[in-house]
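# Tertiary structure, described
Listed here are the chains, written in short residue letters.
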Amino acid sequence: MELMKKLWNAAKADKKRIVLPEGEEERTLSAAEKIYKLELAYPILIGDDEKIYRKAKEIGVNLEGIEIVNPEKSERLGEYIKEFYELRKNKGMTMEKADKIVRDPLYFGTMMVKLDDADGMVSGAIHTTGDLLRPGLQIIKTTPGVSVVSSFFIMMVPGSKYGEEGLLLFSDCAVNPNPTYEQLAQIAIATADTARKLCKIEPRVAMLSFSTMGSADHETVDKVRRATELAKELRPDLLIDGEMQLDAAIVEKVASQKAPNSKVAGRANVLIFPDLQSGNIGYKLVQRFANADAIGPMCQGFAKPINDLSRGCSDDDIVNVVVLTAVQAQEQK
Ligand code: ACO
């Protein structure tokens with residue numbers, strides 16, 4: 001995994017503070033130890049410190065040098081509650097409700113990132129995607145100029161010639177159930193930028209559909225067509241094309257028949273799915289049938305990086321997502 005090696009080196013070169021709000025969880029503890037020892041980032045564990053030390057001892061994890069923050073004992077708690085109340089008061093938030101909510105490690109961790117006590121956050125070993133996204137959407141919000149948070153997977157298909165020698169970005173597979181055409185255009189642009197910044201590849205973005213260049217008509221195809229037009233108009237510097245079927249996007253021979261004039265068709269390395277059903281099913285098909293490494297879902301569009309894990313993740317998966325989050329934090333400086 002050449003890309004991961006490069007990202008590990010990048011993370012080491014300028015270490016970032018990454019909060020792990022599921023600090024009492026075994027895989028998270030083991031990941032924190034690895035991250036600290038390998039000098040990939042400064043992990044910060046959130047939770048009940050006594051429980052954390054007890055659990056670490058039980059599973060043989062050494063936490064020496066690693067910062068542990070117990071929200072109940074933190075001197076920053078009062079400020080986080082006040083700031084959260086200020087952020088959400090026009091949405092019906094009260095000081096009393098804020099006092100309860102911010103003690104939740106996911107909200108507490110998100111406030112740490114918001115107020116620059118950390119550079120990024122990773123969670124999801126025991127929480128759902130929605131549990132992580134909600135505090136992120138409410139507190140961190142989007143990067144200026146970006147209207148939608150979305151997700152991407154880095155798919156690495158061993159021995160494959162498709163994409164960038166087997167490396168492709170898939171989006172959106174985890175956040176927006178049914179994006180509008182404007183949102184779909186934003187997702188395509190964000191993923192192209194991620195491909196450039198994080199994966200250091202020149203993106204060739206295919207807007208996927210069951211139709212190629214007008215071969216079928218349906219309102220769902222029309223959405224992809226309009227998204228393609230808008231994305232091209234907004235970012236003429238990017239290679240974005242569609243609508244196109246998956247085979248036309250990645251197989252040169254099919255592309256030469258179905259989309260002969262496209263600079264993307266047959267060579268796409270960024271695949272944009274029309275909705276969450278197809279995106280989520282699509283990445284899982286490739287992961288299972290092609291034995292692909294699927295790194296993600298990583299978030300894009302947040303003003304500061306916060307990222308999700310799969311609940312089936314290993315400690316090494318957590319290490320890799322922390323590395324990616326640290327590199328995103330470097331890019332967002
Ligand atoms: N981008 C930017 N802002 C957003 C987005 C978005 N994609 N979605 C919601 N928001 C904003 C809302 O406008 C709102 O702002 P406000 O409160 O300041 O007005 C705030 O975020 C919260 O919105 P809600 O409506 O409370 O949140 P919602 O119920 O829409 O939930 C969520 C948002 C969590 C992203 C939801 O769409 C969701 O659950 N998505 C699917 C997640 C999922 O289950 N993924 C599949 C599994 S992952 C896997 O298999 C790898």
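Residues numbered from 1 in each chain as written. Predicted model: local features only at pLDDT ≥ 70, side-chain atom pairs only at ≥ 80, totals over all residues. Heavy atoms only, no water.

### Concerning the site of the ligand
Around the ligand sit 20 residues, and of these Arg88, Lys91, Val149, Ala174 and Asn176 come closest. Arg88 is positioned such that a nitrogen or oxygen atom in its side chain is 2.9 Å from an oxygen atom of the ligand. Contacts to the ligand include Ala174, whose backbone N or O atom sits 2.8 Å from a nitrogen atom. Of all the elements in the fold, those that place two or more residues in the shell around the ligand are α7 (129–140) and α13 (276–289). At 5 residues, α7 tops the list of elements feeding residues into the shell around the ligand. Residues that form the shell around the ligand fall into these classes: 10 nonpolar, 5 polar and 5 charged. Structurally, the shell around the ligand is a two-domain feature, drawing no fewer than three residues from each of domain 1 (2–141 + 309–331) and domain 2 (150–289). (Near = heavy atom within 4 Å. Polar contact = N/O pair within 3.5 Å; in protein donor to acceptor, adjacent residues only side chain to side chain. Helix = DSSP H or I, 4+ residues; strand = E, 2+ residues; numbered from the N terminus. Nonpolar A, V, L, I, M, F, W, Y, C, P; charged D, E, K, R; others polar. Domains from an automatic or database assignment.)

### Comments concerning unusual backbone geometry
Residue Asp172 follows Ser171 across a cis peptide bond; omega there is -10°. With respect to the element layout, Asp172 can be found in the loop between β6 (167–171) and α9 (181–197). The omega torsion of the bond from Gly242 to Glu243 falls at -10°, within 30 degrees of zero and hence cis. Note on placement: Glu243 falls in strand β8 (residues 239–244). With phi around 45°, Met213 is a residue other than glycine that occupies positive phi space. Structurally, the position occupied by Met213 is in the loop between β7 (204–208) and α10 (219–234). Given the relative accessible area of 36%, Met213 is considered partly exposed. One non-glycine residue, Asn291, adopts positive backbone phi at about 55°. Along the polypeptide, Asn291 turns up in the loop between α13 and β10 (293–300). Judged by relative accessible area, Asn291 falls into the exposed class, the value being 63%. (Buried < 20%, exposed > 50% of the residue type's maximum accessible area, 1.4 Å probe, protein only.)

### Quick look at the pairing of β8
Along β8, 5 of the 6 residues are buried, which leaves the element largely enclosed by surrounding structure. Relative to β8, β7 is paired through 5 bridges, and the arrangement is parallel. Within β8, the residue paired with Met207 across the bridge is Gly242. A crossover links β7 with its parallel partner β8, the connecting element being α10, and its sense is right-handed. (Pairing = 2+ DSSP bridges. Right-handed = clockwise from strand over helix to strand, strands pointing away.)

### Regarding the nonpolar core
The biggest cluster of nonpolar side chains holds 59 residues, and the ones touching the most others in it are Leu45, Leu63, Ile154 and Met207. In terms of residue count, helix α14 (residues 315–331) provides more of this core than any other element does, 8 residues in total. Split by domain, this core shows at least three residues from each of two domains, domain 1 (2–141 + 309–331) and domain 2 (150–289). For Ile154, the residues in contact, after removing those within four places along its chain, are Leu3, Leu167, Leu168, Leu198, Cys199, Asp293, Ala294, Ile295 and Leu324. Counting 27 residues, the second-largest nonpolar core is a separate cluster that includes Leu77, Ala98, Met112 and Val149. (Core = buried A, V, L, I, M, F, W, Y, C linked by side-chain atoms within 4.5 Å. Contact = heavy atoms within 4.5 Å.)

### Re helix α6 (residues 105–114)
Along α6, 8 of the 10 residues are buried, which leaves the element largely enclosed by surrounding structure. Along α6, the positions that sit buried rather than exposed are Leu106, Tyr107, Phe108, Gly109, Thr110, Met111, Met112 and Val113. Between the side-chain oxygen of the N-cap and the backbone nitrogen of Leu106 there are 2.7 Å, and the N-cap of α6 in question is Asp104. Phi turns positive one or two residues past the end of α6, at Asp116, with a value near 65°.

### As for the pairing of strand β2 (residues 42–46)
Along a regular strand, successive side chains alternate from one face of the sheet to the other. β2 sits mainly inside the fold: 4 of its 5 residues count as buried. In this sheet, β2 lies alongside strand β1 (residues 17–20) in parallel orientation, the contact comprising 4 bridges. When the sheet's bridge partners are listed, Val19 is paired in β2 with Ile44. For the handedness criterion, the β-α-β arrangement of β1, helix α2 (residues 26–37) and β2 is classed as right-handed. Pairing of β2 with strand β3 (residues 67–69) involves 3 bridges; the strand directions are parallel. Across the sheet, residue Ile46 finds its bridge partner in β3, namely Val69. Of the crossover connections in this fold, the one passing from β2 over helix α3 (residues 49–59) to the parallel β3 is right-handed.

### What to know about the layout of surface pockets
Approximately 680 Å³ is the volume attributed to the largest pocket. Lining the largest pocket are 30 residues, with Tyr283, Gln287, Ala294, Gly296 and Ser310 sitting closest to its centre. Of all the elements, α13 adds the most residues to the lining of the largest pocket, at 6 residues. Residues that form the lining of the largest pocket fall into these classes: 13 nonpolar, 11 polar and 6 charged. A domain split of the lining of the largest pocket shows at least three residues from each of domain 1 (2–141 + 309–331) and domain 2 (150–289). Of the pockets and cavities examined, the second largest pocket occupies roughly 490 Å³. Taken together, 23 residues form the lining of the second largest pocket, with Asp193, Thr194, Lys197, Gly301 and Gln332 sitting closest to its centre. When residues of the lining of the second largest pocket are traced back to their parent elements, those giving at least two are α9, β10 and α14. Among the residues making up the lining of the second largest pocket, the classes are represented as 10 nonpolar, 8 polar and 5 charged. (1 Å grid on protein atoms, 1.4 Å probe; cavity = no way out; pocket = protein on both sides within 12 Å on 5 of 7 lines; lining within 4 Å. Points joined across faces, edges and corners; volume = space filled by probe spheres on them.)

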